[in-house]
Every structure is written in C-alpha cells, then in structure tokens.
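For reference, the chains in residue letters:
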Amino acid sequence: MLKAWRISERRIASLVGISRSGQRYVVRPKPQDHLTERVKALSLEHPRYGQPRIWALLRRSGIVVNHKALARLWQKLGLQLNRRPRRKRSVRGTACPQKAERPNHVWTYDFVFAWTIGGMSLKFLTLEDEYTRESLAIEVGRSFKALHVKEVLTRVIAERGAPEFIRSDNGPEFIAHEVTLWLESQRIGVRHIAPGKPWQNGFAESFNARFRDECLEMELP
C-alpha cells in the first residue's frame, strides 16, 4: 500500500520497522517438499516397500538423500510397514551347503503356491542367482512337471550361461530322474537341502516371502 503512494523502499522499511531484505523475501519451496512428494508417490506405487528400498529407488532416479534424513522423514509421514507375523521355526543342523562365491556359481529354485478367488491353485517356479540375488525366472502354471522345470532351465541357461551348482529342496519335480540326468549332462552340480531344513535354502525362502508379500498378496488372482 505504501508502495502505491510511491514512497521509497528504504523509507517504507524504516516506517514499518522491517529490513529491506525481509521485505524482498519470496517464499520458495524447500528441497524437502519435493522429496516428501516423491517419497509419498513411491510408497503408493510400492505399498510393501520399506524405507531402505525406497531409499535405493531414490538414488537410482538421481535423488541423493542421506539415509538417516530419509528415515526421519519416513517416520514423520507415518509410512512404517505393519509387518505380518511370521511363524517361528526352530533352526537346527548344518548351514547352507555350497555357499555362492561369484555370479553364476550357485542358482536356487523353489515353488510358491497361491489360489485364485475361485479356489483354483497356482504354482510359481522361482529361480534366483544366490550371489547377485537376481531373479532369473518366475513361471506360473496350474501344475509343473519335471519336463517344465527342465524347459525353464534350458531357456535361462541359453540366455545367461549355466551355473556350476543348483540348489533346491527334495520336491518330486527337482529330484526327478529326467531332471537329474539332464543336469549331469550339462555338468551342473546338484545340492539338495536336507529334509525339513528350509533355512539351508535361505535365499529362495527370503525371495519367495517377498514375492508373496509384495506381489501375490497385493493382487486378487
């Protein structure tokens, strides 16, 4: 209003009792405001991702933020996950045989089961590289036979090369004579875990738990 009367800025600041820099101040959005919106968008896109995985997504997109600062923002926004209760298991016996030491050293595969709304069962074959923790294949079907398992392995090996060893439980599809002979012909060593000791195949168990939590239980098949 004083400016409308063509009074100088210096005189206005003196009369009102403010600094000239304060009078010129323009509110600008803080960098954290953009970060907050980005974090909210990622949490909606990936509702079962925790703070460490959101931090990794931010870094991949070129947003550099300290993980401690993100943890404080995560808590302020109330985005902590409600962890689903897990069944406690008694861990006894030997550890995982043939630990992976390099890419394509040890692969692991296992099955995950799900059911549609109509009550029909689905069976997912998951295949991972234990060293890189990379998912190599996820195949779904109403049922799987040894031939189907061999076909999946053949396709992935043609793309990535063969592993030195492959780990699995003692399911009938994995110990079938046809699969065993084929693995021997490919010079791939077999490492079956001991019966009743799923922790010896911990990488597959961990991947399958996340696959179920972040994908299968978030959809209505």
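The following refers to the structure shown. Please read all numbers here as calculations on a predicted model, not as lab measurements. (Residues numbered from 1 in each chain as written. Predicted model: local features only at pLDDT ≥ 70, side-chain atom pairs only at ≥ 80, totals over all residues. Heavy atoms only, no water.)

Here we look at the environment of C215
The criterion, for reference: Strands here are runs of E lasting at least two residues and helices are runs of H or I lasting at least four, both read from the DSSP assignment and numbered beginning at the N terminus. For each residue, the accessible area found with a 1.4 Å probe, counting protein chains only, is set against the maximum for its type, and the residue is called buried under 20%, exposed over 50%, and partly exposed in between.
Tracing the backbone shows C215 in the segment after α8 (202-214). Looking at C215, the relative accessible area reads 37%, which means it is partly exposed. Taking C-alpha positions, C215 is 9.8 Å from H46, a pair spaced 169 residues apart along the chain.

Here's the deal with the layout of surface pockets
Using a probe with the size of a water molecule, rolled over the atoms, empty space left in the structure can be pinpointed. Quick reminder of the rule: Only protein atoms enter the 1 Å grid used here. Points where a 1.4 Å probe fits but cannot escape make up a cavity, open sets with protein on both sides within 12 Å along at least five of seven lines make up a pocket, and a residue lines them when an atom lies within 4 Å of a point. Grid points are joined across faces, edges and corners, and a volume is the space filled by probe spheres set on the points. In this classification, the charged set is Asp, Glu, Lys and Arg, the nonpolar set is Ala, Val, Leu, Ile, Met, Phe, Trp, Tyr, Cys and Pro, and all remaining amino acids, among them Gly, are polar.
Computed from the structure, the second largest pocket encloses a volume of approximately 270 Å³. In terms of lining, the second largest pocket is formed by 14 residues, of which the most central are R133, F203, S206, F207 and R210. Going through the elements one at a time, β2 (121-129) and α8 are the ones with two or more residues in the lining of the second largest pocket. Of the residues forming the lining of the second largest pocket, the biggest block, 6 residues, is contributed by α8. For the lining of the second largest pocket, the residue count by class is 5 nonpolar, 2 polar and 7 charged.

Here we look at α8
Under the convention used in this document: Here the expected length of a helix is defined as 1.5 Å per residue gap, with one fewer gap than residues. Here, two residues are considered to be in contact whenever any of their heavy atoms come within 4.5 Å of each other.
For α8, with 13 residues, the first-to-last C-alpha span of 18 Å sits near the 18 Å given by 1.5 Å per residue. Buried residues along α8 sit in contact with α4 (51-60), β1 (106-115), β2 and β3 (134-141).

Re the packing of aromatic side chains
Quick note on the threshold: Aromatic pairs are defined between Phe, Tyr and Trp rings, using the six-membered ring for Trp, whenever the two ring centres lie within 6.5 Å; interplanar angles under 30 degrees are classed as stacked, those over 60 as edge-to-face, and all others as tilted. To sit over a ring, a charge needs its Lys NZ or Arg CZ within 6 Å of the ring centre and within 35 degrees of the ring normal.
A full pass over the atoms with the stated rule returns 5 aromatic pairs. With a centroid separation of 5.5 Å and an interplanar angle of 50 degrees, the aromatic rings of F111 and F144 are classed as tilted. Remark: F144 occurs in the loop between β3 and α6 (146-160) and F111 occurs in strand β1; sequence separation between them is 33 residues. In terms of burial, F111 and F144 fall into one category: buried. Aromatic side chains F124 and F211 sit 5.5 Å apart centroid to centroid with 75 degrees between the ring planes, which places their arrangement in the edge-to-face category. In this pair, F124 is assigned in strand β2 and F211 in helix α8, connecting sequence segments 87 residues apart. Comparing F124 with F211, the two get one shared label, buried. The rings of Y109, F111, F144 and F174 are connected pair by pair, giving a single aromatic cluster. The ring of Y49 carries R53 above its face, with NZ or CZ at 4.1 Å from the centroid.

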